[in-house]
Amino acid sequence: MKSFYITTAIDYVNGSPHLGHAYEKVLTDVIARFRRMMGDRVHFLTGVDEHGQKVQASARKRGIAPQQYVDEISAEFRALLPRLNISNDDFIRTTEERHKKVVREVLQRLFAQGEIYKAEYKGFYSTRQEQFLQEKDRLPGGAWPEIFGEVTEITESNYFFKLRGYQDWLIEFLTKHEHFIFPSYRQKQVLEFLKEPLNDLCISRPRERLEWGIPLPFDEGYVTYVWFDALLNYYSAVADQPGVWPAAWHVIGKDILVPPHAVYWPIMLHAAGIPLPHGIIAHGWWLQSGAKMSKSTGNALNPLDLVAEFGVDAFRYFLIREMNVGQDSEFTREQFLVRYNSELANNLGNLVNRTLNMTTRFAGGVLPSAELSEEPEQELHALWAKTRDEFIPLCEGFQFHTALERAMQFVTATNAYIEKRAPWKLGKSAEPRDQALLRTSLATMAEALRLGVALIQHVTPATTAKINDVLGYVPGDAWRDELHWGQKLDGASVAAALVLFPRPAPAVPPKG
RNA sequence: GCCAGGGUAGCUCAGUGGUAGAGCAGAGGACUCAUAAGCCUUUGGUCGGGGGUUCAAUCCCCCCCCCUGGCACCA
């Protein structure tokens, strides 16, 4: 059984979860569920990043201990997962002992190998912002912006990781592994970035300046800062589980690809003698251009509210159907409703309901066997074979939006098949041939429905389960065996009706 | 400025060196099992602008314009 380890980025607990967090969880979950369907042994990790300056400051502002603060915010992030039906196997917090232990081990190893050294860092420091400033922070005239308050040039000792020495190695690695980063144009971007010389990476902060972090094992006067803490979660969570690492894929936002995940992370692992992960998937962002406007009129859209309003599967379906992984997409309620109404309610939901209704009305609620296979049946069978054969490679290549489009086309074709056979007419005829056609058409539409929703079950797991249930069907364990057109539903007792994805009440006319 | 992605029907996008495609929206029609759903037909584009290569370019090359994102020690 193939091992497949997949992670989301860990969320920084300095605010509440929003659409971006939700999307990354859903996308990763869809990949995880798909790989499970394909028979892989999947391990799915998500979690939170709980150290750092901002957390320390936020806790202080509220007059509570950092640990109490992160306990509260982390709970919020964790609560998001069941709401989105996320099937993660583990949830890591960087304040956990298992994580700190591995971080310290890796740091110690690198220090012993001479990959980490101490040096003085001289720079302009803002006391108010508690950070060093960069030249680019300066105003055109050379002065520092007001928000930084008093800025003084200070010298500070810190520990540095020898990033620079691995630049050529990384270029060679990326050149050899063309598909390390998805989409591929992101990989080009990384190589572009690597044309400029790298500097060594500052990985520490003196404790008097930052208390809330993991102490360096070789100098307790410092804590490690950001990268060795946050990135190592992917490894620390499974370090004691043989067979998981390194079959790893990291799902991240495009904003943290370069340099952290595409440069620091591979080099850190390589230097520490840890095998590299299989790949990185960098997704784009949901844009809400209209959000500001609607906010001013008091109609701000919190996308997560759509989960409560339309159900988790509709939300998941929209995110995956609408977004081409890697690119950006606009999130609007209008677009959501278009997908919801036309694809989920009218096309799929209505197919479910009419199938149940006709089976109840014309066959006493028990699915008959298909007896004939004429042109309409053969056409649908052929389309199914084509759809299934295209669907899987599309998902393997993270082209879920196209895969869903194909699945929806098959549902449309099933609706068209029903029109062609018109069971409601056949039901009025006592001719034996018409009765045979009636039984055939009922069996065919139900089987097509079963197959169609089996295909999309990684995106809409609850819906697929519900439809199987009303079809009186219990699927087997092996997903791929479910994808053969057959007679699995013969004799099944179906429910009388089910309105999935009910259409929302007509929208109140928008403001004049 | 540099790099990347993109500019194709009202909207969202696919696409190929050789008569321009899909979905949604719009229009018309036949039907009634169904969530006033579904099905069939259909209007609609000088494929950002200019030049070049070619028998032939939306697709290749060059220039220009516009949009988006990135340009490190910041999560």
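1. Regarding the overall build of chain A
For chain A, the helix and strand inventory stands at 18 helices and 16 strands. With respect to the three principal axes, the spread of C-alpha positions in chain A is 95 × 55 × 40 Å. Per-residue burial over chain A gives 54% buried out of 512 residues. Placing the 56 positive and 62 negative side-chain charges of chain A at their respective mean positions leaves the two points 2 Å apart.

2. Here's the deal with the pattern of salt bridges
Applying the stated rule across the entire model yields 32 salt bridges. Between lysine 25 and aspartate 11 there is a salt bridge, with the nearest N and O atoms lying 2.8 Å from each other. Highlighted residues: lysine 25 in helix 1 (residues 19–37) and aspartate 11 in strand 2 (residues 11–12), separated in sequence by 14 residues. Here lysine 25 matches aspartate 11 in class, with each residue buried. Each member of the salt-bridge network shares a partner with another, and the members are Arg321, Glu322, Arg339 and Glu343.

3. Quick word on the protein's contact with RNA strand B
Looking at RNA strand B, there are 41 residues lining it, with Asn199, Tyr225, Gly349, Asn350 and Leu500 nearest. Take the atoms of RNA strand B that sit within 4 Å of the protein: sugar and phosphate atoms are 67% of them. Measuring from a phosphate oxygen of RNA strand B, one finds a side-chain N or O atom of arginine 205 at 2.8 Å. Residue arginine 354 places a side-chain N or O atom 2.6 Å away from a base nitrogen belonging to RNA strand B. Residue contributions to the surface near RNA strand B peak at 10 residues, all from helix 13 (residues 333–363). By residue class, the composition of the surface near RNA strand B is 21 nonpolar, 10 polar and 10 charged.

4. Thoughts on unusual backbone geometry
In most cases, non-glycine residues show a negative phi, while peptide bonds are predominantly trans. With omega at 10 degrees, the peptide bond leading from tryptophan 245 into proline 246 counts as cis. Mapped onto the elements, proline 246 comes out in the loop between helix 8 (233–236) and strand 13 (248–253). A cis geometry characterises the amide bond from valine 258 onward to proline 259, with omega recorded as 0 degrees. Even without glycine at this site, valine 226 takes up a positive phi of about 60 degrees.

5. Focus on the domain arrangement of chain A
Taken domain by domain, chain A consists of domain 1 (3–310) and domain 2 (332–483). Each of domain 1 and domain 2 has a C-alpha centre, and these two points are 43 Å apart. Buried area between domain 1 and domain 2, summed over both chains or domains, comes out near 1700 Å², and the portion from carbon and sulfur atoms is 79%. On inspection of domain 1 and its partner domain 2, the count reaches one salt bridge. Glutamate 309 serves as the salt-bridge partner of arginine 333, at 2.7 Å between the closest nitrogen and oxygen.

6. A word on the sheet that holds strand 11 (residues 214–216)
Strand-to-strand pairing in sheets goes through backbone hydrogen bonds, with the strands running parallel or antiparallel. An order of 10-12-11 is seen for the three strands of this open sheet, with the pairing classed as antiparallel. Sheet topology places strand 10 (204–206) and strand 11 at the edges, where each strand pairs with a single neighbour. With strand direction ignored, the average angle separating the axes of adjacent strands in the sheet is 55 degrees.

The rules behind these values
- Residues numbered from 1 in each chain as written.
- Chains lettered and ligands numbered in written order.
- Predicted model: local features only at pLDDT ≥ 70, side-chain atom pairs only at ≥ 80, totals over all residues.
- Heavy atoms only, no water.
- Helix = DSSP H or I, 4+ residues; strand = E, 2+ residues; numbered from the N terminus.
- Buried < 20%, exposed > 50% of the residue type's maximum accessible area, 1.4 Å probe, protein only.
- Lys, Arg positive; Asp, Glu negative; His and termini not counted.
- Charge placed at Lys NZ, Arg CZ, Asp CG, Glu CD.
- Salt bridge = Lys/Arg side-chain N within 4 Å of Asp/Glu carboxyl O.
- Near = heavy atom within 4 Å.
- Polar contact = N/O pair within 3.5 Å; in protein donor to acceptor, adjacent residues only side chain to side chain.
- Nonpolar A, V, L, I, M, F, W, Y, C, P; charged D, E, K, R; others polar.
- Domains from an automatic or database assignment.
- Buried area = accessible area lost by both parts, 1.4 Å probe.
- Pairing = 2+ DSSP bridges.
- Axes fitted to C-alpha atoms, helices over the stretch in contact; angles between N-to-C directions.

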